[in-house]
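The lines below spell out each chain.
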Amino acid sequence: VEDRYSDIAIFNDVVYLAGQVANDLSQNIQGQMREILTSINHLLTQANSDKSRILMAQVYLADMSDYAGMNEIWDLWVSDIKGHAPPRATVQALLANKKYKVEVVVIAAQK
């Protein structure tokens, strides 16, 4: 919980998640991505939503050389909603902490 921002906001049945980052920054890209997607699942569940209701996902990579490793975990995550994977953009970005390898922002509809 932060005073500066909220992890989640809901307006008109749309769920907006703040950028999710890993807590364990000693992990490689796959580990950080797994942790982030677990957090996203948890937050969406709290908001009466789930990954099948994602309207847009934005992935920010500190280094595009991690693109394949990130996609490996992403593909596993969306494998149970084949044909309904969410729209997504992926860009390289200078992240707030040098140890962050990835940050993910999600917008989803409530059920």
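Use the structure listed above.
Please read all numbers here as calculations on a predicted model, not as lab measurements.

**A word on helix 2 (residues 67-77)**
By the burial criterion, the buried members of helix 2 are Gly 69, Met 70, Asn 71, Ile 73, Trp 74 and Trp 77. In this structure, the buried side of helix 2 is in contact with helix 1 (29-46), strand 3 (54-61) and strand 4 (88-92).

**Regarding the sheet that holds strand 2 (residues 14-17)**
Spatially, five strands are ordered 1-2-5-3-4 in an open sheet, and the strand pairing comes out mixed. In this open sheet, the two edge strands, each paired with only one partner strand, are strand 1 (8-11) and strand 4. Here the strands of the sheet are splayed against their neighbours by 15° on average, with no regard to which way each runs. Sheet topology places strand 2 next to strand 5 (residues 102-109); three bridges connect them, and they run antiparallel. Directly across from Tyr 16, in strand 5, lies its bridge partner Ile 107. Its contacts with the sheet place helix 1 against strand 1, strand 2, strand 3 and strand 5, and it is angled at close to 25° to strand 5.

**Overview of the pairing of strand 5**
For strand 5, the tally of buried residues reaches seven of eight residues, placing the bulk of the element in the interior. Where strand 3 lies against strand 5, seven bridges are found, and the strand directions are antiparallel. By the bridge assignment, Gln 58 is partnered in strand 5 with Val 105.

**Here's the deal with the side chain of Asp 66**
Relative to the helices and strands, Asp 66 resides in the loop between strand 3 and helix 2. Comment: no salt bridge for buried Asp 66; closest opposite-charge side chain is Lys 101, at 4.8 Å. When sequence neighbours within four positions are dropped, the list of residues in contact with Asp 66 reads Ile 29, Leu 61 and Lys 101.

**Thoughts on the nonpolar core**
Counting 24 residues, the largest nonpolar core has Met 33, Ile 40, Trp 74, Val 102, Val 104 and Val 106 as its most contacted members. Of all the secondary-structure elements, those providing two or more residues to this core are strand 2, helix 1, strand 3, helix 2 and strand 5. Per element, the largest residue contribution to this core is seven residues, and it comes from helix 1. If near-sequence neighbours (up to four positions away) are discounted, Val 104 is found in contact with Ala 18, Gly 19, Gln 20, Met 33, Ile 36, Ile 40, Gln 58 and Val 59.

**Section: the packing of helix 1 against helix 2**
Here helix 1 crosses helix 2 at 35°, and the two axes come no closer than 8 Å. The crossing of helix 1 and helix 2 is right-handed. Residues Ile 29, Gln 30, Met 33, Arg 34, Leu 37, Ile 40 and Asn 41 of helix 1 touch helix 2, and the partners they reach there are Gly 69, Met 70, Glu 72, Ile 73, Trp 74 and Trp 77. Residue composition of the contact of helix 1 with helix 2, by class: eight nonpolar, three polar and two charged.

Each value, and the rule that gives it
Residues numbered from 1 in each chain as written. Predicted model: local features only at pLDDT ≥ 70, side-chain atom pairs only at ≥ 80, totals over all residues. Heavy atoms only, no water. Buried < 20%, exposed > 50% of the residue type's maximum accessible area, 1.4 Å probe, protein only. Helix = DSSP H or I, 4+ residues; strand = E, 2+ residues; numbered from the N terminus. Contact = heavy atoms within 4.5 Å. Pairing = 2+ DSSP bridges. Axes fitted to C-alpha atoms, helices over the stretch in contact; angles between N-to-C directions. Lys, Arg positive; Asp, Glu negative; His and termini not counted. Salt bridge = Lys/Arg side-chain N within 4 Å of Asp/Glu carboxyl O. Core = buried A, V, L, I, M, F, W, Y, C linked by side-chain atoms within 4.5 Å. Left-handed = near helix turned anticlockwise from the far one by under 90°. Nonpolar A, V, L, I, M, F, W, Y, C, P; charged D, E, K, R; others polar.

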